[in-house]
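Remarks on the overall topology
Each chain is listed here by its residues.
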Amino acid sequence: MKNKSNYLYLSKGGRFVLIVLLIVVSACASNKNTKEEFCSNADFVKMKKIDIHCHINTKRPAFMELAVKDNFRILTINTDAPVGVTIEEQQDFANFQQEAFPDNLRYLTSFSVKGWNEDDWLEKTMDYLDESFKKGAIGVKVWKNIGMVEKDKDDKFIMIDDPKFDPIFDYLAQKSIPVCGHLGEPKNCWLPLDEMTVNNDKTYFKDHPEYHMFLHPEYPSYEEQIAARNRMLDKHPNLKFIGAHLGSLEWSVDELAKFFDKYPNASVDMAARMCHLEVQAQANWQKVRDFFVKYQDRIIYGTDQGDYEGSEEDPVKLKEKTDEQWKSDWKFLTTGEPMLSWKVNGEFKGIKLPREVVEKIYHKNAEKVFPEFKKI
Ligand SMILES: [Zn+2]
């Protein structure tokens, strides 16, 4: 009341000055907001980021040296894949790197389905996992060999919803230990080469017809891979699950949205699938940006980069290549600048996410799923 009467008592000139002052103050405030709302190039190094999907199967320090320089904490993932080293050897590398870079690296263990038909497979697998957790593993990776390679004694593909896995997932859910699942492949893998949406898939499957599922209808379909994964999640609703590579739903942010709505304990990493988001942003920029904003708590940054024992790649080159990928992804997520990539035909534009969303994608979501990251 008193303020109102003071205002009324001001002369006409006084009122004008007051209004101008108010406009200036509010303009300054909104300027400050815009300044703080987005990230700059300098924030790339300033922000304490996490790359949640790497494979460092070597003792050489080059990759981790760059991670330290670029302010990345790294999750290196053991995988039951034919990478030339066993999962036990991969664990030794992870333990070595963790000791060398205790403030910047953690790892996921994995298990093999060799001996699946033996009576003691489950017991041996559980023992191996427990031993890994004692050594510092903070989660478990399951790979596409389940669903696409391994077969049971009846010559049927072992799928991820096989009841034999249930005690493992129950145990992990109960202990709140996350599972990262690379199950299935990009949908492109089941399409003819000329219908594939990104050039890297075209090149890869042209060079590797043995993995191009379009040519192998005897293998489980794309839909069967996704359905088996979903049935597994239906059985284990409390499991903390990270769908690697955008949960193999990379081709459609609409499908990802449905997945997030149906499975509230699931998140996804973006490893090696950024180009699929870039292609979708090229077709409908606003839709992709809105998707990121709506599901900002569910998407985690990852690249699938790494290093391996016996690699002849010059460490300087390795660092350059890795740094380039990290910076290109940062540009896409934080700026609205036009961009080019050999993987995508034609120009596309960065989605310039608000700082708050960028912080979640680059570390807060990972810290929520893996609280151990909060300690480093
Ligand atoms: Zn990977």
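This one's a predicted model, so the numbers in the text were calculated from it and none came from an experiment.

Once that is clear, we can look at the overall build of the protein chain. For the protein chain, the helix and strand inventory stands at 16 helices and eleven strands. Dimensions of the protein chain along its principal axes, counting C-alpha atoms only, are 95 × 45 × 45 Å. Within the protein chain, buried positions represent 40% of all 376 residues. When contacts within the protein chain are restricted to residue pairs at least 6 apart in sequence, long-range pairs at least 24 apart make up 72% of them.

Core analysis: the biggest nonpolar cluster contains 82 residues, and L75, I160, V179, I300 and I361 have the highest contact counts within it. Top contributing element to this core by residue count: helix α16 (residues 355-369), with six residues. If near-sequence neighbours (up to four positions away) are discounted, V179 is found in contact with G139, V140, V142, F169, L172, L239, K240 and F241. Residues C189, F205, M213 and Y222 belong to the second largest nonpolar core, which totals six residues.

Turning our eyes to something else, we now look at the pairing of strand β11 (residues 344-349). Pairing geometry for strand β10 (residues 338-341) and β11, over three bridges, is antiparallel. Residue M339 lies in a different strand from β11, and its bridge partner there is F348. Where β10 folds back onto β11 in an antiparallel hairpin, the turn is made up of two residues.

On to the confidence of the model for the protein chain. With 90% of its residues at a pLDDT of 70 or more, the protein chain shows a mean pLDDT of 93. Counting interchain partners and residues more than four positions distant, the pLDDT-below-50 stretch residues 1-5 has zero contacts. Taken as a whole, residues 30-34 scores under 50 in pLDDT and shows zero contacts with residues more than four places along the chain or in a different chain.

In spatial order, the strands read β8-β7-β6-β5-β4-β3-β2-β1-β9; together these nine strands make up an open sheet with parallel pairing. This sheet does not close on itself; its edge strands, each paired only once, are β8 (299-300) and β9 (305-308). Taken together, the two bridges between strand β3 (residues 105-110) and strand β4 (residues 140-142) define a ladder with parallel strand orientation. Paired with S110 across the bridge in β4 is K141.

Within the secondary structure, N265 sits in the loop between α12 (253-262) and β7 (266-269). As a C-alpha pair, N265 and L233 span 32 residues in sequence and 9.2 Å in three-dimensional space. Leave out the neighbours within four places in its chain, and N265 touches P237, N238, L239, K240 and F241.

Before going further, it helps to examine unusual backbone geometry. For S176, which is not a glycine, the phi torsion comes out positive at approximately 60°. Among the structural elements, S176 can be located in the loop between α8 (166-174) and β5 (179-181). Its 11 C-beta neighbours within 10 Å are what place S176 among the exposed residues. Positive phi outside glycine occurs at H245, with the angle close to 55°. Structurally, H245 can be placed in helix α11 (residues 244-247).

Residue position: C275 is located in helix α13 (residues 274-283). Placed 21 residues apart in sequence, C275 and Q296 show a C-alpha to C-alpha distance of 19 Å. For C275, the contacting residues outside a window of four places in its chain are V198, N200, S341, K343 and V344.

To continue, consider helix α4 (residues 62-69). When we look at burial in α4, the residues that qualify are F63, M64, L66 and A67. Angular distribution of buried residues about the axis of α4 spans 155°; they occupy a single face of the element. Those residues of α4 that are buried lie in contact with β1 (49-57), β2 (72-77), α5 (87-100), β3, β9 and α15 (315-334).

For the rest of this paragraph, the subject is α12. Taken together, the buried positions of α12 are occupied by V253, L256, F259 and F260. All buried residues of α12 project into a common sector of 110° when viewed along the axis, lining one side. Among the exposed residues of α12, those pointing more than 90 degrees away from its buried face are D254, K258, D261 and K262. Next to the buried residues of α12 lie α11, β7, α13 and α14 (285-294).

Here we come to the packing of α4 against α15. Two elements in contact, α4 and α15, have axes separated by 9 Å at closest approach and are oriented at 45°. In terms of axis orientation, α4 runs oblique to α15. Here α4 and α15 pass one another in a crossing that is right-handed. Residues A62, F63 and L66 of α4 touch α15, and the partners they reach there are P315, L318, K319, T322 and D323. A class-by-class count of the residues in the contact of α4 with α15 yields five nonpolar, one polar and two charged.

On to the environment of C180, then. Looking at the secondary structure, you find C180 in strand β5. Residue classification places C180 among the buried positions, given that 29 C-beta atoms sit within 10 Å. In this structure the C-alpha to C-alpha distance between C180 and E347, which are 167 residues apart in sequence, comes to 32 Å. The residues contacting C180, other than those within four sequence positions of it, are I77, L108, G139, K141, I242 and A244.

Conventions and cut-offs
- Residues numbered from 1 in each chain as written.
- Predicted model: local features only at pLDDT ≥ 70, side-chain atom pairs only at ≥ 80, totals over all residues.
- Helix = DSSP H or I, 4+ residues; strand = E, 2+ residues; numbered from the N terminus.
- Buried ≥ 20, exposed ≤ 12 C-beta atoms within 10 Å, placed from the backbone.
- Contact = placed C-beta atoms within 7 Å.
- Core = buried A, V, L, I, M, F, W, Y, C linked by C-beta atoms within 7 Å.
- Pairing = 2+ DSSP bridges.
- pLDDT = per-residue confidence, 0-100.
- Arc of directions from axis to C-beta.
- Axes fitted to C-alpha atoms, helices over the stretch in contact; angles between N-to-C directions.
- Parallel < 35°, antiparallel > 145°, perpendicular 65-115°, else oblique.
- Left-handed = near helix turned anticlockwise from the far one by under 90°.
- Nonpolar A, V, L, I, M, F, W, Y, C, P; charged D, E, K, R; others polar.

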